[in-house]
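Overview (structure and organization)
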Amino acid sequence: MINVYEAQAANKRKSALIIGLFILFVTVSVYVISQAMGVYFGYEPGGLGVAGLAFIISGLITFVSYYASDKIVLSISGARPADKKKDFNFYTVTENLSIATGIPKPKLYVIEDSAPNAFATGRDPDHAVVCATTGLLQKLTRTELEGVIAHELSHIKNYDTRLMSIVAVLVGMVALLADIFLRVSFRSGRSDRRESQASAIFLLLGIIFAILSPIISQLIQLAVSRRREFFADSSSVALTRQPSGLISALEKIAKDHEPLEAANKATAHLYIVNPFKEKGHGAVDWLAGLFNTHPPLSERIAALTKMV
Amino acid sequence: MIYLLIGILVLAGLWVIATYNFFVSSKTRIKASVQEIGNQLKRQADLIPNLESSVKGYLAHEKGIFEKLTEARKAIATAVDSGNVQKMADAGAKLAAVLPSLTIAVEDNPELKGSDVVAKLMDELRDTADKIMYARRLVIDLTADYNVRRVTMPSSLVANLLKLEELPGLITPTEGKHLKVSEEETETPKVKL
(Lines give C-alpha, C1' and ligand atoms only; values in the text may rest on other atoms or scores of the structure.)
Protein backbone atom coordinates (compact mmCIF):
# COMPACT_ATOMS: atom_id res chain seq x y z
CA MET A 1 0.00 0.00 0.00
CA ILE A 2 1.45 3.31 -1.06
CA ASN A 3 -0.39 6.59 -1.45
CA VAL A 4 -0.41 8.59 -4.64
CA TYR A 5 1.75 11.39 -3.26
CA GLU A 6 4.50 8.99 -2.19
CA ALA A 7 4.33 7.17 -5.52
CA GLN A 8 4.68 10.51 -7.29
CA ALA A 9 7.62 11.59 -5.13
CA ALA A 10 9.36 8.22 -5.52
CA ASN A 11 8.96 8.32 -9.29
CA LYS A 12 10.30 11.85 -9.41
CA ARG A 13 13.35 10.85 -7.33
CA LYS A 14 14.12 7.75 -9.40
CA SER A 15 13.62 9.71 -12.59
CA ALA A 16 16.07 12.39 -11.44
CA LEU A 17 18.53 9.69 -10.37
CA ILE A 18 18.48 7.95 -13.76
CA ILE A 19 18.81 11.26 -15.59
CA GLY A 20 21.70 12.25 -13.31
CA LEU A 21 23.37 8.90 -13.96
CA PHE A 22 22.82 9.37 -17.67
CA ILE A 23 24.40 12.84 -17.72
CA LEU A 24 27.34 11.58 -15.66
CA PHE A 25 27.85 8.66 -18.02
CA VAL A 26 27.70 10.84 -21.12
CA THR A 27 30.14 13.34 -19.60
CA VAL A 28 32.64 10.61 -18.69
CA SER A 29 32.34 8.94 -22.12
CA VAL A 30 32.79 12.21 -23.96
CA TYR A 31 35.75 13.11 -21.77
CA VAL A 32 37.51 9.76 -22.22
CA ILE A 33 36.87 9.49 -25.95
CA SER A 34 37.94 13.07 -26.63
CA GLN A 35 41.08 12.63 -24.50
CA ALA A 36 41.92 9.51 -26.49
CA MET A 37 41.25 11.40 -29.68
CA GLY A 38 43.51 14.16 -28.38
CA VAL A 39 46.24 11.58 -27.94
CA TYR A 40 45.66 10.42 -31.46
CA PHE A 41 45.65 13.89 -32.99
CA GLY A 42 48.64 14.87 -30.91
CA TYR A 43 47.11 17.95 -29.29
CA GLU A 44 44.64 18.25 -26.45
CA PRO A 45 41.69 20.33 -27.71
CA GLY A 46 41.37 18.24 -30.88
CA GLY A 47 39.08 15.67 -29.27
CA LEU A 48 36.86 18.23 -27.56
CA GLY A 49 36.47 19.99 -30.89
CA VAL A 50 35.16 16.80 -32.45
CA ALA A 51 32.88 16.27 -29.44
CA GLY A 52 31.47 19.76 -29.98
CA LEU A 53 30.91 19.00 -33.64
CA ALA A 54 29.17 15.73 -32.78
CA PHE A 55 26.96 17.61 -30.30
CA ILE A 56 25.98 20.19 -32.92
CA ILE A 57 25.17 17.59 -35.59
CA SER A 58 23.18 15.42 -33.21
CA GLY A 59 21.46 18.52 -31.82
CA LEU A 60 20.44 19.75 -35.27
CA ILE A 61 18.97 16.38 -36.24
CA THR A 62 17.02 16.07 -33.02
CA PHE A 63 15.98 19.74 -32.95
CA VAL A 64 13.98 19.34 -36.13
CA SER A 65 12.15 16.30 -34.80
CA TYR A 66 11.66 18.05 -31.44
CA TYR A 67 10.44 21.34 -32.83
CA ALA A 68 8.08 19.81 -35.34
CA SER A 69 7.30 16.66 -33.34
CA ASP A 70 3.55 17.28 -33.47
CA LYS A 71 3.50 17.68 -37.25
CA ILE A 72 5.96 14.91 -38.09
CA VAL A 73 4.26 12.26 -35.99
CA LEU A 74 0.85 13.12 -37.33
CA SER A 75 1.94 12.98 -40.94
CA ILE A 76 3.46 9.56 -40.33
CA SER A 77 0.49 8.17 -38.51
CA GLY A 78 -2.16 9.44 -40.92
CA ALA A 79 -4.51 10.86 -38.33
CA ARG A 80 -7.70 12.90 -38.65
CA PRO A 81 -8.71 15.70 -36.21
CA ALA A 82 -11.17 14.59 -33.51
CA ASP A 83 -14.69 15.92 -33.64
CA LYS A 84 -16.74 16.76 -30.55
CA LYS A 85 -19.88 15.11 -31.91
CA LYS A 86 -18.25 12.02 -33.34
CA ASP A 87 -15.72 11.42 -30.56
CA PHE A 88 -17.74 12.81 -27.69
CA ASN A 89 -16.05 10.86 -24.87
CA PHE A 90 -12.52 11.39 -26.19
CA TYR A 91 -13.09 15.10 -26.72
CA THR A 92 -14.84 15.88 -23.45
CA VAL A 93 -12.62 13.66 -21.28
CA THR A 94 -9.53 15.47 -22.58
CA GLU A 95 -11.24 18.81 -22.08
CA ASN A 96 -12.08 17.92 -18.47
CA LEU A 97 -8.68 16.54 -17.57
CA SER A 98 -6.99 19.60 -19.07
CA ILE A 99 -9.01 21.68 -16.62
CA ALA A 100 -7.70 19.52 -13.78
CA THR A 101 -4.04 19.68 -14.92
CA GLY A 102 -4.28 23.39 -15.68
CA ILE A 103 -2.85 23.06 -19.20
CA PRO A 104 -4.59 24.23 -22.38
CA LYS A 105 -6.56 21.52 -24.16
CA PRO A 106 -4.17 19.77 -26.59
CA LYS A 107 -5.07 19.24 -30.22
CA LEU A 108 -6.85 15.92 -30.62
CA TYR A 109 -6.48 13.42 -33.42
CA VAL A 110 -7.88 9.99 -34.19
CA ILE A 111 -6.07 7.23 -36.09
CA GLU A 112 -8.29 4.75 -37.91
CA ASP A 113 -6.85 1.53 -36.50
CA SER A 114 -8.50 -1.22 -34.52
CA ALA A 115 -5.44 -1.80 -32.28
CA PRO A 116 -6.19 0.10 -29.03
CA ASN A 117 -3.45 2.65 -28.32
CA ALA A 118 -2.87 6.37 -27.74
CA PHE A 119 0.04 8.78 -27.70
CA ALA A 120 0.95 12.35 -26.83
CA THR A 121 3.61 14.58 -28.35
CA GLY A 122 4.52 18.23 -28.88
CA ARG A 123 7.37 20.34 -27.58
CA ASP A 124 5.37 22.11 -24.84
CA PRO A 125 1.78 22.17 -23.51
CA ASP A 126 0.87 24.90 -26.02
CA HIS A 127 1.85 22.71 -28.98
CA ALA A 128 0.71 19.41 -27.56
CA VAL A 129 -1.14 16.73 -29.48
CA VAL A 130 -3.01 13.74 -28.11
CA CYS A 131 -3.88 11.01 -30.52
CA ALA A 132 -6.00 7.91 -29.98
CA THR A 133 -6.90 5.00 -32.24
CA THR A 134 -10.50 4.22 -33.06
CA GLY A 135 -9.91 0.81 -31.46
CA LEU A 136 -9.15 2.47 -28.13
CA LEU A 137 -12.16 4.77 -28.30
CA GLN A 138 -14.49 1.89 -29.10
CA LYS A 139 -13.21 -0.62 -26.57
CA LEU A 140 -12.82 1.55 -23.45
CA THR A 141 -15.49 2.95 -21.17
CA ARG A 142 -15.41 6.61 -20.20
CA THR A 143 -13.68 5.88 -16.86
CA GLU A 144 -10.99 3.76 -18.55
CA LEU A 145 -10.48 6.42 -21.19
CA GLU A 146 -10.01 9.00 -18.43
CA GLY A 147 -7.13 6.92 -17.04
CA VAL A 148 -5.44 6.68 -20.43
CA ILE A 149 -5.90 10.36 -21.33
CA ALA A 150 -4.70 11.44 -17.87
CA HIS A 151 -1.54 9.37 -18.51
CA GLU A 152 -0.98 11.17 -21.81
CA LEU A 153 -1.67 14.61 -20.32
CA SER A 154 0.90 13.86 -17.59
CA HIS A 155 3.48 13.24 -20.32
CA ILE A 156 2.62 16.68 -21.70
CA LYS A 157 2.60 18.43 -18.33
CA ASN A 158 5.94 16.83 -17.32
CA TYR A 159 7.56 17.94 -20.61
CA ASP A 160 8.46 14.34 -21.47
CA THR A 161 8.86 15.09 -25.19
CA ARG A 162 11.42 17.74 -24.31
CA LEU A 163 13.22 15.46 -21.87
CA MET A 164 13.38 12.54 -24.29
CA SER A 165 14.63 14.90 -27.03
CA ILE A 166 17.49 16.14 -24.84
CA VAL A 167 18.36 12.54 -23.98
CA ALA A 168 18.25 11.64 -27.67
CA VAL A 169 20.64 14.52 -28.52
CA LEU A 170 23.16 13.23 -26.00
CA VAL A 171 22.81 9.61 -27.10
CA GLY A 172 23.29 10.72 -30.69
CA MET A 173 26.35 12.73 -29.73
CA VAL A 174 28.00 9.79 -27.97
CA ALA A 175 27.24 7.50 -30.90
CA LEU A 176 28.65 9.97 -33.44
CA LEU A 177 31.74 10.70 -31.39
CA ALA A 178 32.47 7.01 -30.88
CA ASP A 179 31.92 6.36 -34.56
CA ILE A 180 34.32 9.14 -35.60
CA PHE A 181 36.93 7.96 -33.11
CA LEU A 182 36.78 4.33 -34.23
CA ARG A 183 37.03 5.35 -37.88
CA VAL A 184 40.09 7.55 -37.46
CA SER A 185 41.92 5.30 -35.01
CA PHE A 186 41.55 2.11 -37.02
CA ARG A 187 42.19 3.56 -40.44
CA SER A 188 45.96 3.70 -40.31
CA GLY A 189 48.60 3.96 -37.59
CA ARG A 190 50.44 7.21 -37.23
CA SER A 191 54.11 7.27 -38.01
CA ASP A 192 55.46 9.26 -35.10
CA ARG A 193 54.09 7.59 -31.96
CA ARG A 194 55.60 9.37 -29.02
CA GLU A 195 53.17 8.17 -26.39
CA SER A 196 53.60 8.38 -22.68
CA GLN A 197 52.04 5.67 -20.57
CA ALA A 198 49.12 7.93 -19.59
CA SER A 199 48.18 8.63 -23.17
CA ALA A 200 48.44 4.94 -24.02
CA ILE A 201 45.94 4.20 -21.27
CA PHE A 202 43.66 6.93 -22.59
CA LEU A 203 43.87 5.48 -26.06
CA LEU A 204 42.94 2.01 -24.77
CA LEU A 205 40.14 3.41 -22.59
CA GLY A 206 38.96 5.47 -25.52
CA ILE A 207 38.59 2.39 -27.70
CA ILE A 208 36.71 0.52 -24.96
CA PHE A 209 34.41 3.49 -24.36
CA ALA A 210 33.89 4.06 -28.06
CA ILE A 211 32.68 0.49 -28.45
CA LEU A 212 30.55 0.25 -25.32
CA SER A 213 29.19 3.72 -24.59
CA PRO A 214 26.76 4.00 -27.55
CA ILE A 215 25.05 0.80 -26.38
CA ILE A 216 25.11 1.73 -22.70
CA SER A 217 23.82 5.25 -23.28
CA GLN A 218 21.00 3.83 -25.36
CA LEU A 219 20.12 1.40 -22.58
CA ILE A 220 20.00 4.27 -20.09
CA GLN A 221 17.85 6.22 -22.55
CA LEU A 222 15.37 3.32 -22.55
CA ALA A 223 15.48 3.17 -18.75
CA VAL A 224 14.59 6.87 -18.65
CA SER A 225 11.71 6.18 -21.03
CA ARG A 226 10.40 3.33 -18.82
CA ARG A 227 10.69 5.43 -15.66
CA ARG A 228 8.69 8.22 -17.30
CA GLU A 229 5.93 5.69 -18.06
CA PHE A 230 5.67 4.75 -14.38
CA PHE A 231 5.69 8.45 -13.56
CA ALA A 232 2.88 9.18 -16.02
CA ASP A 233 0.86 6.26 -14.60
CA SER A 234 1.10 7.60 -11.06
CA SER A 235 0.36 11.15 -12.26
CA SER A 236 -2.71 9.78 -14.01
CA VAL A 237 -3.97 8.35 -10.73
CA ALA A 238 -3.20 11.61 -8.93
CA LEU A 239 -5.52 13.29 -11.41
CA THR A 240 -8.42 10.85 -11.70
CA ARG A 241 -8.14 9.22 -8.25
CA GLN A 242 -9.40 6.06 -9.89
CA PRO A 243 -6.53 3.59 -10.37
CA SER A 244 -9.14 0.99 -11.36
CA GLY A 245 -9.89 2.92 -14.55
CA LEU A 246 -6.31 2.84 -15.82
CA ILE A 247 -5.80 -0.73 -14.58
CA SER A 248 -8.76 -2.11 -16.50
CA ALA A 249 -7.78 -0.03 -19.54
CA LEU A 250 -4.27 -1.53 -19.47
CA GLU A 251 -5.73 -5.01 -19.02
CA LYS A 252 -8.01 -4.53 -22.01
CA ILE A 253 -5.12 -3.24 -24.10
CA ALA A 254 -2.92 -6.14 -22.96
CA LYS A 255 -5.52 -8.66 -24.12
CA ASP A 256 -5.45 -7.22 -27.58
CA HIS A 257 -2.68 -8.75 -29.66
CA GLU A 258 -3.04 -6.71 -32.78
CA PRO A 259 0.06 -4.62 -33.63
CA LEU A 260 -0.49 -0.98 -34.52
CA GLU A 261 0.21 -0.45 -38.22
CA ALA A 262 0.81 3.30 -37.99
CA ALA A 263 3.57 3.00 -35.39
CA ASN A 264 7.27 2.83 -36.10
CA LYS A 265 10.43 2.56 -34.01
CA ALA A 266 10.95 6.33 -33.82
CA THR A 267 7.53 6.99 -32.30
CA ALA A 268 7.20 3.85 -30.14
CA HIS A 269 8.12 5.51 -26.85
CA LEU A 270 5.26 7.97 -27.18
CA TYR A 271 2.44 5.45 -26.96
CA ILE A 272 0.62 4.37 -23.82
CA VAL A 273 1.75 0.80 -24.39
CA ASN A 274 4.45 -0.49 -26.69
CA PRO A 275 2.71 -0.58 -30.11
CA PHE A 276 4.76 -3.62 -31.18
CA LYS A 277 3.53 -5.73 -28.25
CA GLU A 278 5.82 -7.55 -25.89
CA LYS A 279 7.16 -10.90 -26.93
CA GLY A 280 9.23 -13.56 -25.19
CA HIS A 281 8.80 -15.09 -21.76
CA GLY A 282 11.04 -16.57 -19.07
CA ALA A 283 14.81 -16.14 -18.92
CA VAL A 284 15.15 -13.87 -21.94
CA ASP A 285 12.47 -11.59 -20.53
CA TRP A 286 14.87 -9.63 -18.37
CA LEU A 287 17.31 -9.06 -21.21
CA ALA A 288 14.53 -8.18 -23.66
CA GLY A 289 13.10 -5.85 -21.02
CA LEU A 290 16.28 -3.75 -21.12
CA PHE A 291 15.56 -2.90 -24.74
CA ASN A 292 11.92 -1.92 -24.20
CA THR A 293 10.61 1.63 -24.26
CA HIS A 294 7.82 0.61 -21.87
CA PRO A 295 7.85 -1.39 -18.63
CA PRO A 296 5.94 -4.71 -18.88
CA LEU A 297 2.19 -4.17 -18.49
CA SER A 298 2.10 -6.62 -15.59
CA GLU A 299 4.59 -4.46 -13.66
CA ARG A 300 2.66 -1.30 -14.40
CA ILE A 301 -0.60 -2.88 -13.29
CA ALA A 302 1.11 -4.14 -10.11
CA ALA A 303 2.40 -0.62 -9.35
CA LEU A 304 -1.09 0.79 -9.90
CA THR A 305 -2.75 -1.89 -7.79
CA LYS A 306 -0.63 -0.76 -4.84
CA MET A 307 -2.23 2.66 -5.12
CA VAL A 308 -5.83 1.38 -4.92
CA MET B 1 37.61 32.41 -1.45
CA ILE B 2 35.74 35.69 -1.63
CA TYR B 3 34.42 34.73 -5.07
CA LEU B 4 33.18 31.42 -3.70
CA LEU B 5 31.29 33.26 -0.96
CA ILE B 6 29.81 35.70 -3.45
CA GLY B 7 28.84 32.78 -5.67
CA ILE B 8 27.05 31.01 -2.83
CA LEU B 9 25.27 34.22 -1.84
CA VAL B 10 24.12 34.82 -5.40
CA LEU B 11 22.80 31.24 -5.67
CA ALA B 12 21.01 31.58 -2.33
CA GLY B 13 19.52 34.88 -3.49
CA LEU B 14 18.28 33.30 -6.72
CA TRP B 15 16.75 30.45 -4.76
CA VAL B 16 14.92 32.85 -2.44
CA ILE B 17 13.57 34.73 -5.47
CA ALA B 18 12.43 31.48 -7.12
CA THR B 19 10.69 30.33 -3.94
CA TYR B 20 9.08 33.71 -3.43
CA ASN B 21 7.85 33.60 -7.02
CA PHE B 22 6.44 30.12 -6.47
CA PHE B 23 4.35 31.32 -3.55
CA VAL B 24 2.99 34.46 -5.21
CA SER B 25 2.29 32.79 -8.55
CA SER B 26 0.61 29.87 -6.74
CA LYS B 27 -1.70 32.31 -5.00
CA THR B 28 -2.66 33.84 -8.34
CA ARG B 29 -3.17 30.41 -9.91
CA ILE B 30 -5.37 29.32 -7.04
CA LYS B 31 -7.47 32.44 -7.47
CA ALA B 32 -7.75 31.68 -11.19
CA SER B 33 -8.69 28.07 -10.53
CA VAL B 34 -11.52 29.23 -8.23
CA GLN B 35 -12.75 31.42 -11.08
CA GLU B 36 -12.57 28.34 -13.31
CA ILE B 37 -15.13 26.62 -11.08
CA GLY B 38 -17.37 29.63 -11.56
CA ASN B 39 -16.73 29.52 -15.28
CA GLN B 40 -17.73 25.86 -15.51
CA LEU B 41 -20.84 26.39 -13.40
CA LYS B 42 -21.85 29.26 -15.64
CA ARG B 43 -21.37 26.99 -18.66
CA GLN B 44 -23.56 24.40 -17.01
CA ALA B 45 -26.26 26.95 -16.23
CA ASP B 46 -26.30 28.04 -19.87
CA LEU B 47 -26.27 24.49 -21.17
CA ILE B 48 -29.11 23.02 -19.18
CA PRO B 49 -32.03 25.09 -20.55
CA ASN B 50 -31.03 24.03 -24.06
CA LEU B 51 -30.82 20.39 -23.04
CA GLU B 52 -34.16 20.67 -21.29
CA SER B 53 -35.93 22.01 -24.31
CA SER B 54 -34.42 19.30 -26.49
CA VAL B 55 -35.79 16.45 -24.36
CA LYS B 56 -38.94 18.00 -22.93
CA GLY B 57 -41.07 16.46 -25.61
CA TYR B 58 -39.80 12.98 -24.77
CA LEU B 59 -40.17 13.32 -21.02
CA ALA B 60 -43.34 15.41 -20.85
CA HIS B 61 -44.78 13.27 -18.04
CA GLU B 62 -41.67 13.58 -15.85
CA LYS B 63 -42.28 17.16 -14.82
CA GLY B 64 -40.68 16.79 -11.39
CA ILE B 65 -37.24 16.27 -12.86
CA PHE B 66 -37.36 19.44 -14.88
CA GLU B 67 -38.45 21.38 -11.84
CA LYS B 68 -35.44 20.03 -9.96
CA LEU B 69 -33.13 20.86 -12.84
CA THR B 70 -34.42 24.42 -13.02
CA GLU B 71 -34.00 24.77 -9.28
CA ALA B 72 -30.41 23.48 -9.42
CA ARG B 73 -29.65 25.86 -12.25
CA LYS B 74 -30.91 28.85 -10.30
CA ALA B 75 -28.84 27.82 -7.28
CA ILE B 76 -25.75 27.69 -9.49
CA ALA B 77 -26.41 31.14 -10.90
CA THR B 78 -26.68 32.72 -7.45
CA ALA B 79 -23.62 30.79 -6.22
CA VAL B 80 -21.50 32.02 -9.11
CA ASP B 81 -22.61 35.60 -8.46
CA SER B 82 -21.57 35.30 -4.81
CA GLY B 83 -18.10 34.11 -5.83
CA ASN B 84 -17.93 31.75 -2.83
CA VAL B 85 -16.17 28.43 -3.58
CA GLN B 86 -18.19 26.55 -1.03
CA LYS B 87 -21.55 27.78 -2.35
CA MET B 88 -20.45 26.90 -5.88
CA ALA B 89 -19.53 23.40 -4.79
CA ASP B 90 -22.87 22.93 -3.03
CA ALA B 91 -24.77 24.11 -6.07
CA GLY B 92 -22.82 21.71 -8.28
CA ALA B 93 -23.67 18.86 -5.93
CA LYS B 94 -27.34 19.77 -6.16
CA LEU B 95 -27.27 19.27 -9.89
CA ALA B 96 -25.37 16.01 -9.57
CA ALA B 97 -28.17 14.83 -7.28
CA VAL B 98 -30.72 15.28 -10.07
CA LEU B 99 -28.84 12.87 -12.34
CA PRO B 100 -29.90 9.61 -10.65
CA SER B 101 -33.59 10.52 -10.80
CA LEU B 102 -33.17 11.23 -14.48
CA THR B 103 -31.57 7.82 -14.94
CA ILE B 104 -34.54 6.24 -13.19
CA ALA B 105 -36.95 8.16 -15.39
CA VAL B 106 -35.17 6.84 -18.46
CA GLU B 107 -35.26 3.31 -17.09
CA ASP B 108 -38.97 3.59 -16.32
CA ASN B 109 -39.63 4.50 -19.89
CA PRO B 110 -38.02 1.76 -21.99
CA GLU B 111 -39.04 3.45 -25.21
CA LEU B 112 -36.69 6.33 -24.28
CA LYS B 113 -33.63 4.16 -23.79
CA GLY B 114 -32.83 3.82 -27.42
CA SER B 115 -33.44 7.46 -28.13
CA ASP B 116 -30.37 9.40 -29.17
CA VAL B 117 -31.70 12.59 -27.68
CA VAL B 118 -31.91 11.13 -24.20
CA ALA B 119 -28.51 9.42 -24.50
CA LYS B 120 -27.08 12.77 -25.52
CA LEU B 121 -28.69 14.45 -22.53
CA MET B 122 -27.20 11.90 -20.16
CA ASP B 123 -23.76 12.29 -21.74
CA GLU B 124 -23.87 16.05 -21.54
CA LEU B 125 -25.03 16.02 -17.93
CA ARG B 126 -22.29 13.62 -16.89
CA ASP B 127 -19.74 15.70 -18.77
CA THR B 128 -20.80 18.96 -17.19
CA ALA B 129 -20.68 17.38 -13.73
CA ASP B 130 -17.18 16.02 -14.50
CA LYS B 131 -15.97 19.42 -15.64
CA ILE B 132 -16.94 21.02 -12.37
CA MET B 133 -15.43 18.13 -10.41
CA TYR B 134 -12.11 18.52 -12.24
CA ALA B 135 -12.17 22.30 -11.79
CA ARG B 136 -12.45 21.64 -8.05
CA ARG B 137 -9.62 19.10 -8.27
CA LEU B 138 -7.36 21.85 -9.62
CA VAL B 139 -8.15 24.09 -6.65
CA ILE B 140 -7.46 21.20 -4.27
CA ASP B 141 -4.16 20.24 -5.97
CA LEU B 142 -2.82 23.78 -6.25
CA THR B 143 -3.61 24.63 -2.63
CA ALA B 144 -2.14 21.33 -1.47
CA ASP B 145 1.12 22.13 -3.33
CA TYR B 146 1.15 25.60 -1.85
CA ASN B 147 0.46 24.40 1.67
CA VAL B 148 3.07 21.63 1.49
CA ARG B 149 5.76 24.02 0.29
CA ARG B 150 4.71 26.47 2.99
CA VAL B 151 5.56 24.05 5.79
CA THR B 152 8.39 21.90 4.36
CA MET B 153 12.07 22.79 4.54
CA PRO B 154 13.73 24.71 3.02
CA SER B 155 10.91 26.68 1.37
CA SER B 156 9.25 27.13 4.76
CA LEU B 157 12.04 29.58 5.61
CA VAL B 158 10.81 31.93 2.92
CA ALA B 159 7.18 31.28 3.82
CA ASN B 160 7.85 32.17 7.47
CA LEU B 161 9.67 35.30 6.41
CA LEU B 162 6.67 36.36 4.35
CA LYS B 163 4.29 35.22 7.12
CA LEU B 164 2.21 33.26 4.61
CA GLU B 165 -1.10 31.86 5.81
CA GLU B 166 -2.32 28.36 5.10
CA LEU B 167 -4.86 28.51 2.27
CA PRO B 168 -8.18 26.70 2.74
CA GLY B 169 -8.66 25.28 -0.78
CA LEU B 170 -12.02 23.56 -1.06
CA ILE B 171 -13.71 24.09 2.29
CA THR B 172 -14.91 20.78 3.66
CA PRO B 173 -16.30 20.29 7.15
CA THR B 174 -13.69 18.56 9.33
CA GLU B 175 -16.40 17.09 11.55
CA GLY B 176 -19.56 15.34 10.58
CA LYS B 177 -21.23 12.31 9.13
CA HIS B 178 -18.84 11.91 6.20
CA LEU B 179 -16.01 10.98 8.58
CA LYS B 180 -18.04 8.36 10.43
CA VAL B 181 -19.24 5.01 9.26
CA SER B 182 -22.61 3.88 10.52
CA GLU B 183 -23.51 0.28 11.37
CA GLU B 184 -25.52 -0.28 8.19
CA GLU B 185 -22.77 1.15 5.97
CA THR B 186 -20.39 -1.60 7.11
CA GLU B 187 -22.60 -4.20 5.41
CA THR B 188 -21.75 -4.94 1.81
CA PRO B 189 -24.66 -3.63 -0.21
CA LYS B 190 -26.52 -6.23 -2.23
CA VAL B 191 -27.55 -5.18 -5.67
CA LYS B 192 -30.97 -6.51 -6.58
CA LEU B 193 -31.86 -6.50 -10.22
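Residues numbered from 1 in each chain as written. Chains lettered and ligands numbered in written order. Predicted model: local features only at pLDDT ≥ 70, side-chain atom pairs only at ≥ 80, totals over all residues.

**Here we look at the overall build of chain B**
What counts, and what does not: Helix numbers and strand numbers start at the N terminus; a helix is a DSSP run of H or I with at least 4 residues, a strand a run of E with at least 2. It is over C-alpha atoms that the radius of gyration is taken, and the globule rule equals 2.2 Å times the number of residues to the power 0.38. Any residue surrounded by 20 or more other C-beta atoms within 10 Å of its C-beta is treated as buried, while 12 or fewer makes it exposed and the intermediate range makes it partly exposed; C-beta atoms here are placed from the backbone.
Assigned secondary structure in chain B consists of 6 helices and 0 strands. Shown N-terminal to C-terminal, the secondary structure of chain B runs as helices and strands in the order α-α-α-α-α-α. For 193 residues, the compact-globule estimate of 2.2 N^0.38 gives 16 Å, and chain B exceeds it by more than 25% at 24 Å. Its C-alpha atoms put chain B at 85 × 40 × 30 Å along the principal axes. Sorting the 193 residues of chain B into buried and exposed places 23% on the buried side.

**Quick word on the packing of helix α1 (residues 2-55) of chain B against helix α5 (residues 116-151) of chain B**
All names here are of chain B. Basically, it comes down to this: Here an axis means a line fitted to C-alpha atoms, over the contact stretch when the element is a helix, while the angle between two N-to-C directions is reported on a 0 to 180 degree scale. When describing relative orientation, an angle under 35 degrees is termed roughly parallel and one over 145 degrees roughly antiparallel, while 65 to 115 degrees is termed roughly perpendicular and anything else oblique. Side-chain classes follow a simple rule in which Ala, Val, Leu, Ile, Met, Phe, Trp, Tyr, Cys and Pro form the nonpolar group, Asp, Glu, Lys and Arg form the charged group, and the remainder, Gly included, forms the polar group.
Close contact between α1 and α5 brings their axes to 9 Å; oriented N to C, the two are set at 170°. Regarding the angle of α1 to α5, the classification is roughly antiparallel. Of the residues that constitute the contact of α1 with α5, the class distribution is 17 nonpolar, 7 polar and 7 charged.

**Some remarks on the domain arrangement of chain A**
Residue and element names in this part refer to chain A. Quick note on the threshold: A domain assignment, automatic or from a database, supplies the domain bounds used here. C-beta atoms are first placed from the backbone for all residues, and any pair lying within 7 Å is then listed as a contact.
Each assigned domain of chain A is listed here: domain 1 (4-67 + 171-216) and domain 2 (70-160 + 227-305). On the side of domain 2, 10 residues touch domain 1, which itself brings 11 residues to the contact. Looking at the side of domain 1 that touches domain 2, the elements with two or more residues in it are α1 (4-41) and α2 (45-67). For the side of domain 1 that touches domain 2, the element with the most residues is α1, which contributes 8 residues. Residue classes in the side of domain 1 that touches domain 2 are distributed as 5 nonpolar, 4 polar and 2 charged.

**Quick word on the pairing of strand β3 (residues 118-121) of chain A**
All names here are of chain A. Note the following rule: Criterion used throughout: strands pair if DSSP finds at least two bridges between them.
Here β3 shows no split at all, with A118 and A120 on one side and F119 and T121 on the other all buried. One ladder, built from 4 bridges, connects β3 with strand β4 (residues 129-133); its direction is antiparallel. Of the residues in β4, the one forming a bridge with F119 is C131.

**What about the UniProt feature "active site" (unreviewed entry) in chain A?**
Going by this rule: UniProt positions are given in the numbering used here, feature names are shortened, and annotations may be inferred rather than shown by experiment.
As recorded in UniProt, the feature "active site" (unreviewed entry) lies at A:E152. If near-sequence neighbours (up to four positions away) are discounted, A:E152 is found in contact with A:A118, A:F119, A:A120, A:V130 and A:I272.

**What to know about the nonpolar core**
Generally speaking, a soluble globular protein has its nonpolar side chains buried in company with each other. For clarity, the cut-off: For this entry, the nonpolar core is defined as buried Ala, Val, Leu, Ile, Met, Phe, Trp, Tyr and Cys residues connected by C-beta atoms within 7 Å.
Membership of the largest hydrophobic core comes to 70 residues, with the highest contact counts inside it found for A:A118, A:V130, A:C131, A:V148, B:L41 and B:I76. Residue contributions to this core peak at 7 residues, all from α5(B). Every residue in contact with A:A118, bar those within four places of it in the chain, is listed here: A:V130, A:C131, A:A132, A:T133, A:L136, A:V148, A:E152, A:Y271 and A:I272. With 28 residues, the next largest nonpolar core counts A:M37, A:V50, A:A168 and A:L177 among its residues.

**Regarding the interface of chain B and chain A**
On the side of chain A, 7 residues touch chain B, which itself brings 10 residues to the contact. When residues of the side of chain B that touches chain A are traced back to their parent elements, those giving at least two are α1 and α5 of chain B. Considering each element in turn, the side of chain B that touches chain A owes the most residues, 8 residues, to α5(B). Partitioned by chemical class, the residues of the side of chain B that touches chain A number 3 nonpolar, 1 polar and 6 charged.

**Remarks on unusual backbone geometry**
Of note, the bond from B:M153 into B:P154 is cis; its omega dihedral lies within 30 degrees of zero at -5°. With respect to the helices and strands, B:P154 occurs in the loop between α5 and α6 (155-162). Even without a glycine there, the phi angle at A:R241 is positive, about 55°. Assessed through the 13 C-beta atoms surrounding it within 10 Å, A:R241 is described here as partly exposed. For B:K163, which is not a glycine, the phi torsion comes out positive at approximately 55°. Positionally, B:K163 belongs in the segment after α6.

**Details of the environment of A:A54**
All names here are of chain A. By the secondary structure assignment, A54 is in helix α2. For A54, a count of 23 C-beta atoms within 10 Å corresponds to the buried category. Considered as a pair, A54 and E146 are 92 residues apart in the sequence and their alpha carbons are 42 Å apart. With near-sequence residues (within four places) excluded, A54 lies in contact with M173, L176, L177 and I180.

**Here we look at the packing of helix α6 (residues 142-157) of chain A against helix α9 (residues 243-255) of chain A**
Residue and element names in this part refer to chain A. Between α6 and α9, whose axes approach to 7 Å, the crossing angle comes to 90°. Considering the angle they form, α6 stands roughly perpendicular to α9. Where α6 approaches α9, its residues T143, E144, E146, G147, V148 and H151 are matched on the opposing element by G245, L246, S248, A249 and K252. In the contact of α6 with α9, the residues fall into 3 nonpolar, 5 polar and 3 charged.

**Some thoughts on the sheet that holds strand β2 (residues 107-111) of chain A**
Residues and elements named next belong to chain A. Pairing within the open sheet is mixed, and its 4 strands lie in the order β1-β2-β4-β3. Strand pairing shows two members of the sheet lacking a second neighbour, β1 (80-81) and β3, which therefore form its edges. Sheet strands in contact with α6 are β3 and β4, and its direction is about 20° off that of β3.

**As for the pairing of β4(A)**
Residue and element names in this part refer to chain A. Within β4, 5 of the 5 residues are buried, leaving the element largely enclosed by the surrounding structure. Residue alternation in β4 divides its side chains into two sets, V129, C131 and T133 and V130 and A132, and both sets are buried. In this structure, β2 lies alongside β4, joined through 5 bridges in parallel fashion. Among the inter-strand pairings, Y109 is bridged to a residue of β4, identified as C131.

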